Amino acid sequence: MGKPDFGTSPDEVQFRFRDDEPADHGTVTVDACCDQTNAAAVRIEPGDDARLLLPYLDRLALVEVNFPSFGDGRGYSAARILREAGYSGELRAVGDVLIDQLSHMRRCGFDAFAPDRPLDEADARRAFATWDNVYQRAADGRKTIQEIRHGADHE
């Protein structure tokens with residue numbers, strides 16, 4: 001994926017890890033998306049079942065996942081469900097997104113971030129680069145330490 005775009009307007013996406021044009025479609029609810037044939041952007045709220053979107057992934061350019069409170073982690077599961085099902089469009093975390101969550105959100109598959117309050121860019125850069133190596137597989141597709149070691153043993 002592309003290099004992050006740091007420093008856009010705080011009213012919009014502040015960090016983005018994609019090379020394509022940002023999706024600017026108005027979002028609809030999960031229920032409305034399932035009822036419409038032309039919806040290209042949807043917003044998942046806590047409590048919405050992301051699996052309802054699986055039949056429509058090929059037409060969605062943007063999925064926003066709302067984090068109304070930093071303590072509500074349901075959006076992480078929604079992101080992972082969508083990425084593991086093959087969703088390749090923009091997956092944007094919106095709402096109460098904090099520095100401490102950025103690296104974990106990236107691992108779950110988020111590639112754009114629109115926090116309610118602008119985050120310090122230097123802190124965000126450090127947060128995105130926090131973990132050079134990982135132990136578990138995740139939606140970001142990074143090789144695990146075991147895979148790296150195993151590959152090195154068989155070269």
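Small disclaimer: the values here were computed from a predicted structure and weren't measured.

Colleague: I'd like a description of the overall build of the protein chain, backed by residues and values.
Modeller: The helix and strand inventory of the protein chain stands at five helices and six strands. Of the regular secondary structure in the protein chain, the N- to C-terminal order runs β-β-α-β-β-α-β-α-β-α-α. Taking contacts inside the protein chain between residues at least 6 apart in sequence as the whole, the part at least 24 apart equals 50%. Roughly 8900 Å² of accessible area belongs to the protein chain as shown, and the carbon and sulfur atoms make up 47% of that amount.

Colleague: Residues and numbers for the pairing of strand S5 (residues 90-95), please.
Modeller: Summarising burial for S5: six of the six residues are buried, a large majority. The sheet contact formed by strand S4 (residues 62-67) and S5 spans six bridges and is parallel. The partner of Glu64 across the bridge, within S5, is Arg92. As a crossover connection, the stretch from S4 through helix H2 (residues 74-84) into S5 is right-handed. Bridge analysis of S5 against strand S6 (residues 112-115) gives four bridges, and the strand direction is parallel.

Cut-off values and rules
- Positions within a chain are numbered from 1, following the residues in the order the chain's sequence is written.
- With pLDDT at 70 or above as the cut-off, local features in this predicted model cover only qualifying residues; side-chain atom pairs require 80 or more to be listed or tallied, and sums for whole chains, interfaces and linings still use all residues.
- The basis for every side-chain value is the complete set of non-hydrogen atoms in the structure, without hydrogens or water.
- Secondary structure is summarised from DSSP: a helix means a run of H or I of at least four residues, a strand means a run of E of at least two, and numbering begins at the N terminus for each.
- Residues count as neighbours in contact if any of their non-hydrogen atoms are within 4.5 Å of one another.
- Each accessible area value is a Shrake-Rupley result obtained with a 1.4 Å probe; residue values ignore everything except the protein chains displayed when judging cover.
- In this scheme, a residue with accessible area under 20% of its type's maximum is buried, one over 50% is exposed, and one in between is partly exposed, where area comes from a 1.4 Å probe on protein chains only.
- Paired strands, in this sense, are two strands between which DSSP finds at least two bridges.
- With its strands directed away from the observer, a crossover is right-handed exactly when the path from the first strand over the helix to the second travels clockwise.

Treat this as a map of the structure, not an account of what it does.
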